[in-house]
Amino acid sequence: TPKLSISWDGKTLKYFSHKKPTSALGPRLIVPLVLDYLIFWAFFWIVNFYRLPIFAWRFVRRNLFRRQLWFQPQSLRR
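Residues numbered from 1 in each chain as written. Predicted model: local features only at pLDDT ≥ 70, side-chain atom pairs only at ≥ 80, totals over all residues. Heavy atoms only, no water.

Visitor: Any chance you could explain the overall build of the protein here in plain terms?
Guide: Scanning the protein from N- to C-terminus turns up three helices and two strands. Walking the protein from its N terminus toward its C terminus, one meets helices and strands in the order β-β-α-α-α. Surface exposure of the protein reaches about 8500 Å², of which carbon and sulfur atoms provide 66%. (Helix = DSSP H or I, 4+ residues; strand = E, 2+ residues; numbered from the N terminus. Areas by Shrake-Rupley, 256 points an atom, 1.4 Å probe, with all protein chains shown as cover.)

Visitor: Sorry, what's going on with the packing of aromatic side chains here?
Guide: Both the distance between ring centres and the angle between the ring planes are used here to describe each pair of aromatic rings. In the structure shown here, the tally under the stated rule is four aromatic pairs. Between Tyr37 and Trp41 the ring centres are 6.5 Å apart and the planes differ by 65 degrees, which places this aromatic pair in the edge-to-face class. On the criterion of helical spacing, the pair formed by Tyr37 and Trp41 is a turn pair, its members being four residues apart in helix α1 (residues 27-48). Here Tyr37 falls in the exposed class, since its relative accessible area comes to 51%. The interplanar angle of 80 degrees and the centroid separation of 5.0 Å between the aromatic rings of Phe40 and Trp41 together place this pair among those described as edge-to-face. Overall, the relative accessible area of 33% leaves Trp41 in the partly exposed class. (Phe/Tyr/Trp six-rings, centres within 6.5 Å; stacked < 30°, edge-to-face > 60°. Buried < 20%, exposed > 50% of the residue type's maximum accessible area, 1.4 Å probe, protein only.)

Visitor: Would you mind going over the pairing of strand β1 (residues 4-8) with me for this structure?
Guide: Every regular strand shows the same layout, with side chains that alternate between the two sheet faces. Within β1, only zero of the five residues are buried, leaving the element largely exposed. The hairpin formed by β1 and strand β2 (residues 13-17) contains four residues between the paired strands, and Gly10 there has a positive phi angle of roughly 100 degrees. (Pairing = 2+ DSSP bridges.)

Visitor: Looking at this structure, I do not really get the pairing of β2. What am I missing?
Guide: Pairing analysis gives five bridges linking β1 to β2, with the strands arranged antiparallel. Looking at β2, one finds that Leu4 is bridged to Ser17.

Visitor: Sorry if this is basic, but what is going on with the environment of Lys20 here?
Guide: Along the chain, Lys20 turns up in the loop between β2 and α1. Separated by 17 residues in sequence, Lys20 and Lys3 place their C-alpha atoms 8.3 Å apart.

Right, dumping it as C-alpha cells:
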C-alpha cells in the first residue's frame, strides 16, 4: 500500500497522501456480500440452465463435425 502517489493529466500534477485503512472486513460485512453473491448465481443458473444443451450441441457441431476432420485435402492424400 503506497503512502504517497502522484497523478499527472498532461497539464497539472496532483499529489495524494494515503493512510492505512482502519476497518477490517468482519463477518458483519462479509455475510451480506456472500449471500448476495449466492443469490445472484442461483438466479443466473435457474434462468440459463435450459441453454446448456444448446451450447453443448453448438460446441460439438463446430469442433467435431468440421470438414477438415472428415476429409483430407487433396494435397495431403497419397
